[in-house]
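Report on the structure
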Amino acid sequence: LLSCRSTLYDYNIKNESKFICFSKGVHLGSGSTVQSSTAVKGGGAMSANLCSIEMSNTSIVNSTSTNGNGGAVLLGLESTLRVGKSSRFTSNKAVGASGGAIACTECKISSVGSIFIGNTAKKNGGAIHSYQGDWTSTGDRFEENSAISGSGGALSMTASGVHFDATTTCQN
């Protein structure tokens, strides 16, 4: 679907990021793969503000945010991310910031049966970093994620609500 070293976000409007999804919705259906995407400001594969993103049986692999949060996905104000069964976030990187796979500020995330493996953040939250967000995880797996110079190898949650049910973490 989206692949091959996309640099969709390497521009700005009055020093603010331009988002792929502003006040709209994005759906990545079964079998979708986003691979090797790069963003300078944040959200290596996708960036959202006032937006809903849904994915099911989707893989986001080897995406990179070079200077901003969210190696794969950056969620801003009042955005929601719904991650369905069998979705994978693998080897994504927030090179200069937090949230190797996902970074969330004032947003909501729900994930069911998803796998977060080998994601890296320079600062906090090797897989997920949340500030004033709300996250529900059911049956997810977090493995070998790392925060290089900050906290939370798998997760970093600040002023955020977290709800776990049958979620596994190992070697983070």
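Each remark here, short or long, concerns the structure printed above.
In what follows, the accompanying structure is described. (Residues numbered from 1 in each chain as written. Predicted model: local features only at pLDDT ≥ 70, side-chain atom pairs only at ≥ 80, totals over all residues. Heavy atoms only, no water.)

**Some remarks on the pairing of strand S20 (residues 134-138)**
The alternating pattern of S20 places Trp135 and Ser137 on a buried face, while none of Asp134, Thr136 and Thr138, on the opposite face, is buried. In terms of strand pairing, strand S16 (residues 108-112) meets S20 through five bridges, oriented parallel. Among the inter-strand pairings, Ser111 is bridged to a residue of S20, identified as Ser137. (Buried < 20%, exposed > 50% of the residue type's maximum accessible area, 1.4 Å probe, protein only. Helix = DSSP H or I, 4+ residues; strand = E, 2+ residues; numbered from the N terminus. Pairing = 2+ DSSP bridges.)

**Here's the deal with the state of the cysteines**
Counted by the stated rule, this structure contains one disulfide. In this model Cys104 forms its disulfide with Cys107; the gap between the sulfur atoms is 1.8 Å. Residues Cys104 and Cys107 are joined by a disulfide whose S-S torsion is about -140 degrees; by sign, that bridge is left-handed. For the pair shown, Cys104 and Cys107 are each scored as buried. (Disulfide = S-S within 2.5 Å.)

**Some remarks on the environment of Ala94**
Mapped onto the fold, Ala94 is located in strand S14 (residues 93-94). The spacing of Ala94 and Ala39 is 55 residues in sequence and 9.8 Å in space, taken between C-alpha atoms. Residues contacting Ala94, with those up to four places away along its chain left out, are Ser65, Gly68, Gly70, Gly71, Gly99, Gly100, Thr120, Ala121 and Lys122. (Contact = heavy atoms within 4.5 Å.)

**What about the pattern of salt bridges?**
Taken as a whole, this structure holds two salt bridges when the rule is applied. With its nearest N and O atoms 3.4 Å apart, the salt bridge here joins Arg82 to Glu54. Here Arg82 is found in strand S12 (residues 80-83), whereas its partner Glu54 is found in strand S8 (residues 52-55), with 28 residues between them in sequence. In this structure Arg82 comes out as partly exposed when scored by relative accessible area, which is 40%. (Salt bridge = Lys/Arg side-chain N within 4 Å of Asp/Glu carboxyl O.)

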